[in-house]
Amino acid sequence: LREASAWSFQGLSQQLREADFSARVTTSVQAAVQVAGLYPLSLTGGTVAPPLQDVPPQITGPELIWRSSRANSTTQITLSAEFLNSTDDIHAVLIVLPPNFRHEVKQLLDLSIFASGSPLVVADDQGSWIDTRSPGMLRILLAEGSTIAPGRQSFVFRVFIPGAMP
C-alpha cells in the first residue's frame, strides 16, 4: 500500500510539473461545462480580496430556572446563556417549549430581557419584535445590524406547566 501511494504521488507530482498541465485542466473543465449545459465565465482585470474572518457565535452555560414545577399551573422561568464573543450573525432568538407547555406572553411587558454586558437590542423600532402566535414558541427579532456583546443574556417570562409531562 505504501509503495502504491508513493507511486501515485510521484505520478501526480510529475503531471503537475508538465508544462501543458494547466492547459489540459482548462480544456477538461470547459468540456465538462458544455456537457452540463452551463456557460463559462471569464473574469479579467479583477483583484482577489482577502478572506474575512467571520467567527461563529460561541455560546455556553445554558441555564433554565423556574420558580415552581407544580402541574397545571403557571410559573415564571428564566432562560439564559453566556455569549463568549460578540456576534452580528444572530437576527432572531427562537425559544421552543416542550410539548403541551405554553408561554403566557400576551403583551410586550410579559417578556423581560436582561444582559450582564450590553443589552440585547430588539427590533422595537421596526414593527413587531416578538412573535407570540404559537403558544409553544417565542420568536424575538433583533434590531437590524445589531451586535450581541459578550456576556450573559437572559429571557424571563411565564409558562403554563401541563398536568402530564412529555
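In short, a report on the structure. Keep in mind it's a predicted model, so treat the numbers as computed, not measured.

On a plain count of helices and strands, the chain comes out with 2 helices and 8 strands. For the chain, the succession of helices and strands along the chain, N to C, is α-α-β-β-β-β-β-β-β-β. Scored against the burial criterion, the 166 residues of the chain give a buried share of 25%. Pairs at least 24 residues apart make up 71% of the contacts formed inside the chain by residues separated by at least 6 positions. When the accessible surface of the chain is split by element, carbon and sulfur atoms take 58% of a total near 12,100 Å².

Bringing the pattern of salt bridges into the picture now. Enumeration over the complete set of coordinates arrives at 4 salt bridges. Salt-bridge contacts for Arg152 lead to Glu82; the nearest nitrogen and oxygen are separated by 3.6 Å. Here Arg152 is found in strand E8 (residues 151-161), whereas its partner Glu82 is found in strand E2 (residues 73-83), with 70 residues between them in sequence. Classification of Glu82 by relative accessible area gives partly exposed; the value is 24%. Between Asp131 and Arg139 there is a salt bridge, with the nearest N and O atoms lying 3.7 Å from each other. Salt bridges here are not isolated pairs; linked through shared partners, they connect Asp131, Arg133 and Arg139.

Turning to the environment of Leu109, a few remarks are in order. One can find Leu109 in the loop between strand E4 (102-103) and strand E5 (112-115). Residues Leu109 and Phe157, 48 residues apart in the sequence, show an inter-C-alpha distance of 9.4 Å.

Look at Asn72: it is not a glycine, yet its phi comes out positive at around 55°. Relative to the helices and strands, Asn72 resides in the loop between strand E1 (59-66) and E2. For Asn72, a relative accessible area of 54% gives the class exposed. With a phi close to 75°, Asn100 is a non-glycine residue in the positive phi region.

Note that E1 and E2 share 6 bridges and pair antiparallel. Following the sheet pairing, Ile59 is matched in E2 by Phe83. Where E1 hands over to E2, the hairpin turn is made up of 6 residues, of which Asn72 adopts a positive phi near 55°. Where E2 and E8 come together, 11 bridges link them in antiparallel fashion. Bridging across to E8, Thr74 finds its partner in Phe160.

Moving on: the sheet that holds strand E7 (residues 137-141). Here we have 3 strands laid out as an open sheet, ordered E3-E7-E6, and antiparallel in their pairing. In the strand order of this sheet, the two ends are held by strand E3 (92-96) and strand E6 (130-131), each with one partner. For E6 and E7, the ladder comprises 2 bridges, and the chain directions are antiparallel. Within E7, the residue paired with Asp131 across the bridge is Arg139.

What follows concerns the side chain of Thr75. Residue placement: Thr75 occurs in strand E2. Looking at Thr75, the relative accessible area reads 4%, which means it is buried. Only 3.5 Å separates the side chain of Thr75 from the backbone nitrogen of Arg67, close enough to count as a polar contact. If we ignore the near neighbours within four places in the chain, the residues touching Thr75 are Trp66, Arg67, Ser68, Phe157, Arg158, Val159 and Ile161.

Parameters at a glance
Residues numbered from 1 in each chain as written. Predicted model: local features only at pLDDT ≥ 70, side-chain atom pairs only at ≥ 80, totals over all residues. Heavy atoms only, no water. Helix = DSSP H or I, 4+ residues; strand = E, 2+ residues; numbered from the N terminus. Buried < 20%, exposed > 50% of the residue type's maximum accessible area, 1.4 Å probe, protein only. Contact = heavy atoms within 4.5 Å. Areas by Shrake-Rupley, 256 points an atom, 1.4 Å probe, with all protein chains shown as cover. Salt bridge = Lys/Arg side-chain N within 4 Å of Asp/Glu carboxyl O. Pairing = 2+ DSSP bridges. Polar contact = N/O pair within 3.5 Å; in protein donor to acceptor, adjacent residues only side chain to side chain.

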